Structure formats: structure tokens, C-alpha cells
Amino acid sequence: MKQNYKVKPAKMPLHKLIKKHWMLFLMLLPAVIYVVIFSYVPMTGIVLAFKKYNYNGGIYFSPWSGLSNFKALMISGKLWSVTRNTILYNIVFISLGVVLEMGSAILLNEIRNKYFKKVSQSFMFLPYFISWVVAGAIVYNIFSYERGVANNVISALGGSRFDLYNTPAAWPFVLIFLKMWKQTGYGSVVYLAAITSMDQEMFEAASLDGANAWQKIRYLTIPSLVPTMMTLVLLAIGNIFRGDFGLFYQTVKSSALLEPVTDVIDTYVFRLLISTGDIGVSAAAGLYQSVLCFITIMCANALVKKANPDYALYGSVK
């Protein structure tokens, strides 16, 4: 009985690989140096989470405090609420973002008038360049109780004014709307690029078979966008414990009444540092946030790799 054996290719030693492709490694060197200096070297500051920081000792020579910084976080009573808010907001941002960004890209691709298409894309992309400081000022000038445009119109029509900044229940909807308004145009660019790179022959074949526009979107465009969607979702999940600081701070400001529904880990750490000046506790909160993000992306990638290895961000090299 004849047996077939797979012969594994011999691995080239690293020094020979570098010698053979030295020009490619030389081109890669600036990027590696940049990442090491600005991404890996600052990670040594993680020791602040375990120290009682003082300015004389600095980051590396301040006295050790063990887990006391984490204990201070736990007994503050706000860690769970801000973590919950961060997760829930990001779940909504990711879910709605996928639908709106992919839908916007598909709709833009279906526009046949190139001038109208360019104008529409420009208007959708414009909010991305507006800073959260300006967006917060716009929201305030529209919904301010005394001078807001919306309240002045309501009052002129004989209605009663609406105090948005004293209505916590309304703010989740406001924040979700602002986030989608700002990111949809920018996020749709990636999907639109993926659509334009698709093989047009399959769309032509579908047209010859009598498929209408909706059928081509449903059976060709959307399935072809799934790999792009999975990659973007996994990257977003990696930051699911990180809130958009500009959104949650610049639009809400420092309203204690709104904190239960608008406070996220990033704003909590910022206020903690400003109010107490305790860098060690703030560093502990940052480490807590980073560890949760790491665990989340590892678990999400493992689940995706188990379901479909082609959609995973990374995997074991065979």
C-alpha cells in the first residue's frame, strides 16, 4: 500500500534570512524602531500601578505600594458602574456602527451620478473633522435650557422648555447619536474601498441571470464584505473597555447629575487624577482597563478562529 508523506519545507535560519532579504529588513527597520520607542518602551511605566508615586523618586524609584492602588479603586465604589457603562456604550457603538457604515457604503456605491456621489460622501465624511469640543458646543447651543435654539423654538410655539442637562435618561440616546453622526462617514470609507475592489464580473454575471439590485447586494456584496466587517469588529472589540474621552467629557462636561449614565473608565480616571493627584491609582485604573481589553480581544479572536480561521486577526503558524 502506497503512503503519501507531506514533506515540510526546511526553515531558513534567521541570519541567512536576514542576509538574503537584507534590503527588506532595512526598509522595515524605521517602523520597528518607531514601534519600540513609542509603544513598548512606555509600557515600562506600568510599574506606577504598584507604587506610591512621588516626584523625587520618579517612575522607577518611587516606593512600592503593592496592590494598595487597586484596593483604592475597588473601595471607591464606582469601578463597576463605569466599567458597565463603557462596555454597554461600546457594544451599541460597534453594533450600530457596522450596520450604518456598511449600509452607507452600499448606498453610496449604488449611486450612479458621480457628482452627487462625491458630494454625498463629502458631507458624510465632514463630521469626522469636527472636534468633540466643537460638537459639545453645538449640542449646548441647541439644547441649553435658557439660550438653546431648540428651547427657544419650543417656547415660541407655546410649549414648555426641555432641560436636557438635567435629564440623565436622555443622554444615552444623545451620545449614541453623536457617535454615529461623527464616525459613520469615516467608517464607511473602508467598506466602500472593499466594495470597489470586488470582482465586477460576478455582478455582471448576476445581471445576466436576471438578478436585481437588492439581490446582488444581498447575495454578493454583503457576503463579500463579511471578512472586512469581522476584521473591523475584532479591532473594535480590542478597545471595548476604552471610552471615547472627547465624546463623554466634552459633551457632558462635569455634571455630577449625569455621571451615573455618562461616566466611563476614561473620564473616571481623568477626574480621579485631577481631584486627588494620585498618579498611582490612576495608573492602576489604566492597567485594569488595558488588561480587560487584552483578555477580551484574545477571547474574541479565539472564538472567531474556532468558527472560521480565515476571519481571525492572528493564529498559530503551522
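Presented here is a report on the structure given in the accompanying data block. (Residues numbered from 1 in each chain as written. Predicted model: local features only at pLDDT ≥ 70, side-chain atom pairs only at ≥ 80, totals over all residues. Heavy atoms only, no water.)

Along its length, the protein chain carries 15 helices and zero strands. Since a compact globule built from 318 residues should have a radius of gyration of about 20 Å, the 26 Å found for the protein chain marks it as more spread out than a globular shape. Its C-alpha atoms give the protein chain principal-axis dimensions of about 85 × 65 × 40 Å. Considering the protein chain as a whole, with its 318 residues, one finds that 32% of them fall into the buried category. Accessible area for the protein chain stands at about 20600 Å²; split by element, carbon and sulfur atoms hold 69% of it. (Helix = DSSP H or I, 4+ residues; strand = E, 2+ residues; numbered from the N terminus. Rg over C-alpha atoms; globule rule 2.2 N^0.38 Å. Buried < 20%, exposed > 50% of the residue type's maximum accessible area, 1.4 Å probe, protein only. Areas by Shrake-Rupley, 256 points an atom, 1.4 Å probe, with all protein chains shown as cover.)

Along the chain, threonine 221 turns up in helix H11 (residues 213–237). Filtering out sequence-adjacent residues up to four positions away, threonine 221 remains in contact with Ile106, Ile195, Met198, Phe203 and Lys216. (Contact = heavy atoms within 4.5 Å.)

A full pass over the atoms with the stated rule returns 16 aromatic pairs. The rings of Phe125, Tyr128, Phe129 and Tyr186 are connected pair by pair, giving a single aromatic cluster. Above the face of the tyrosine 128 ring, lysine 182 is positioned so that its terminal group lies 5.5 Å from the ring centre. Against the face of tryptophan 132 rests lysine 182, its NZ or CZ located 5.1 Å from the ring centre. (Phe/Tyr/Trp six-rings, centres within 6.5 Å; stacked < 30°, edge-to-face > 60°. Lys NZ or Arg CZ within 6 Å of the ring centre and 35° of its normal.)

Relative to each other, helix H14 (residues 265–276) and helix H15 (residues 279–307) sit at 170°, their axes nearing to 9 Å. The angle between H14 and H15 falls in the class roughly antiparallel. Judged by residue contacts, Ile265, Asp266, Val269, Leu272 and Leu273 of H14 engage Ile279, Val281, Ser282, Ala285, Tyr288 and Gln289 from H15. Classifying every residue of the contact of H14 with H15 gives eight nonpolar, two polar and one charged. (Axes fitted to C-alpha atoms, helices over the stretch in contact; angles between N-to-C directions. Parallel < 35°, antiparallel > 145°, perpendicular 65-115°, else oblique. Nonpolar A, V, L, I, M, F, W, Y, C, P; charged D, E, K, R; others polar.)

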